[in-house]
Amino acid sequence: MKRYHTRAIVAILFVVFGSAALFAGGKAEKSASPAQAEHHLRIYVGELTPRTRTASDRWDPPSYMDTLVERYTEMNPGVSIEILPELPAGDEFETWVTTQYLAGRGPDVGTQLFSEVHRHVARGWYLNLSPYLDEPNPYVPGNTRWRDTFLPGVINTGTGPDGNVYVIPTGLVGTAIFYNQDIFDELRLTPPRTWAEFIAIQETIKNAGYVPFAFHMAGNPYQANWALRSMQDMLFDGELGRIKGTNEPVERTTIEAEGISQKELVAAIRSGEYTAIDPRWQEQLRLLKEWSAYWDPSWLSMNVDDAHRMFVTGRSAMMWHSSGRVRPIQTDTLRRFEYGTFSFPRITSESSRFATGIDAPAIGGFTGAGPFNVAAGTVARGVKDHAIDFLRFITAPDNLIPLHADLGAYVPGVRGEFDVAPEIAPFIESLARGTFRIESFFRGLTREYSDQFVRTLQEYLLDRTSLEQASRDIQGYMDQAAAELIDLNNWDIP
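For clarity, every value in this text was computed on a predicted model and none was experimentally measured.

## Section: the nonpolar core
1) Next: If you look at the biggest cluster of nonpolar residues, it comprises 73 residues, and the most contacted ones within it are Trp281, Trp291, Met318 and Phe344.
2) Next: Counting residues in each nonpolar core, the second largest holds 54 residues, with Leu127, Leu391, Leu407 and Val411 among its members.

Listed below in structure tokens is the structure:
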């Protein structure tokens, strides 16, 4: 397979992050702990969880974390490490995380999206990593500050609302819509650039007897989240300064929802500057419902694995996912067609009176596998130093680069030498457009609001409630979430 070598990926990262100072990392020897394991670490590493390939697997699962754990415990015989089983993303994982931390049993080293960590910072669940990032990483020869081993976007993304770092997001990821090239060729279709073209080609595909889109909302309904984030960013482009309270243009960056903070969003909700009753806000729900006419009818019960199978077997023409789905699609023995990718389409005046004409934002950034955190409970359990040390070990470039290469899904966010598969490079290049600037749906406010929003959205998409009623219901939930966040964070917002 052809590869993007270091020089190529440096150019991509320079465009995206304005920094191309990369270097090769290395390991340093550490003194061993006592002969018997006196300290036990429970770690949760999500997609990086190693397991043996089973008869039902159609591609190789990751395994390199086992290698790193074995290597680390050999160097530190006083430490034992338990890798917790991977859970499905979405409600099941969120429920597990919440109950674990409430019980004081959050994983010593865990994996969660930075936005999820930041949502719970005020609860005191996570260790502030800032002081440790200013100390050397002993597993990188010559290093004087651990933070300097990462690309700039890692630390910026991991910085919480109080200015401290609680999570280290080490995987750089982008998203795209995958399409069946054979179906497109058969119907003489080309990838759409606008929303009007997107809807039109799906009508053609549907009339030809194919399912246009494998859209899933069971388990983790992130596709709806991605769609609404993208639509809102385009539709509200000229309104974001007013919502932020500055009346100045809000630029896109490579950090998701950096344009408007949660506190600024809450203030806008309280002042009425951001409301679900606004026709511009309602427009994104209307467009999503328009699109739903082209989803497989089982979208409400379909999960990501169902959508993947529908796509690779040729039953659907398109699906939406991140670079994390490239290797599974490429290596899946069920696929018998060529595929391509395109970006989420631009909303124009042909489709909406609120169109601003700007391109859709990127969905991604430093949100891929390996947003690592350390539980605050490690202090009471007496394993804080061991958790920090293990995290330094696995994020050393010589260890993190092969860890991500084994997964084959994301670009490691460290300064080092690595190759990037050409099929992943376009996902990373998409980040040059900048990511969405405001998050008000699934992770923007509270967990309760997220659940209420999803239920109401589903009722609307199923024609069980009107757009007006759904908007009024969501506004009520939004007001309640804003009040709860003000109390939780002691914000001085009228």
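## A word on the packing of helix α9 (residues 222-235) against helix α12 (residues 279-292)
Any two packed helices are characterised by the angle at which their axes cross and by the distance between the axes.
1) Next: Orientation of α9 relative to α12, taken along the N-to-C sense of each, is 135 degrees, at an axis distance of 9 Å. Our classification of the angle between α9 and α12 gives oblique. α9 and α12 meet at a crossing whose hand is right-handed. Contacts between α9 and α12 pair Ala227, Leu228, Met231, Gln232 and Leu235 from the former with Arg280, Trp281, Glu283, Gln284, Leu285, Leu287, Leu288 and Trp291 from the latter.
2) Next: Its residues assigned to classes, the contact of α9 with α12 comprises nine nonpolar, two polar and two charged.

## Some words on the pattern of salt bridges
1) Next: Counted under the stated rule, the structure contains 21 salt bridges.
2) Next: For Arg252, the salt bridge goes to Asp233, with nearest N and O atoms at 2.7 Å. Of this pair, Arg252 sits in the loop between α10 (240-244) and α11 (262-271) while Asp233 is found in helix α9, placing the two residues 19 residues apart along the sequence.
3) Next: What makes Asp233 buried here is its relative accessible area of 0%.
4) Next: For the salt bridge of Arg447 with Asp451, the shortest nitrogen-to-oxygen distance reads 3.3 Å.

## Some words on empty space enclosed by the protein
1) Next: The full count for this structure, using the stated rule, is one cavity of 30 Å³ or more.
2) Next: The space that makes up the largest cavity amounts to roughly 70 Å³.
3) Next: Around the largest cavity sit Thr175, Ala176, Ser230, Trp320, Ser343, Phe344, Pro361, Ala362, Ile363, Ser430 and Arg433, which together line it.
4) Next: Tallied by class, the residues present in the lining of the largest cavity amount to six nonpolar, four polar and one charged.

## Considering α11
1) Next: Listed in full, the buried residues belonging to α11 are Gln262, Leu265, Val266, Ala268 and Ile269. All buried residues of α11 fall inside an arc of 160 degrees around its axis, so they share one side.
2) Next: The elements touched by buried residues of α11 are α4 (114-119), α10 and α20 (467-489).
3) Next: Gly272 lies just past α11 and shows a positive phi near 85 degrees.

## Regarding α12
1) Next: When the terminal C-alpha atoms of α12 are compared, their 20 Å separation across 14 residues agrees well with the 20 Å that a helix rising 1.5 Å per residue should span.
2) Next: In terms of residue burial, α12 counts as a mostly covered element, since 10 of its 14 residues are buried.
3) Next: If you check which residues of α12 are buried, you get Arg280, Trp281, Gln282, Glu283, Gln284, Leu285, Leu287, Leu288, Trp291 and Ser292.
4) Next: Check the buried side of α12 and you find it contacts α8 (195-207), β6 (211-213), α9, β7 (316-322), α19 (447-461) and α20.
5) Next: Sitting at the amino-terminal end of α12 is Asp278, which places a side-chain oxygen 2.9 Å from the backbone nitrogen of Arg280.

What counts as what
Residues numbered from 1 in each chain as written. Predicted model: local features only at pLDDT ≥ 70, side-chain atom pairs only at ≥ 80, totals over all residues. Heavy atoms only, no water. Core = buried A, V, L, I, M, F, W, Y, C linked by side-chain atoms within 4.5 Å. Buried < 20%, exposed > 50% of the residue type's maximum accessible area, 1.4 Å probe, protein only. Axes fitted to C-alpha atoms, helices over the stretch in contact; angles between N-to-C directions. Helix = DSSP H or I, 4+ residues; strand = E, 2+ residues; numbered from the N terminus. Parallel < 35°, antiparallel > 145°, perpendicular 65-115°, else oblique. Left-handed = near helix turned anticlockwise from the far one by under 90°. Contact = heavy atoms within 4.5 Å. Nonpolar A, V, L, I, M, F, W, Y, C, P; charged D, E, K, R; others polar. Salt bridge = Lys/Arg side-chain N within 4 Å of Asp/Glu carboxyl O. 1 Å grid on protein atoms, 1.4 Å probe; cavity = no way out; pocket = protein on both sides within 12 Å on 5 of 7 lines; lining within 4 Å. Points joined across faces, edges and corners; volume = space filled by probe spheres on them. Arc of directions from axis to C-beta. Expected span 1.5 Å × (residues − 1). Polar contact = N/O pair within 3.5 Å; in protein donor to acceptor, adjacent residues only side chain to side chain.

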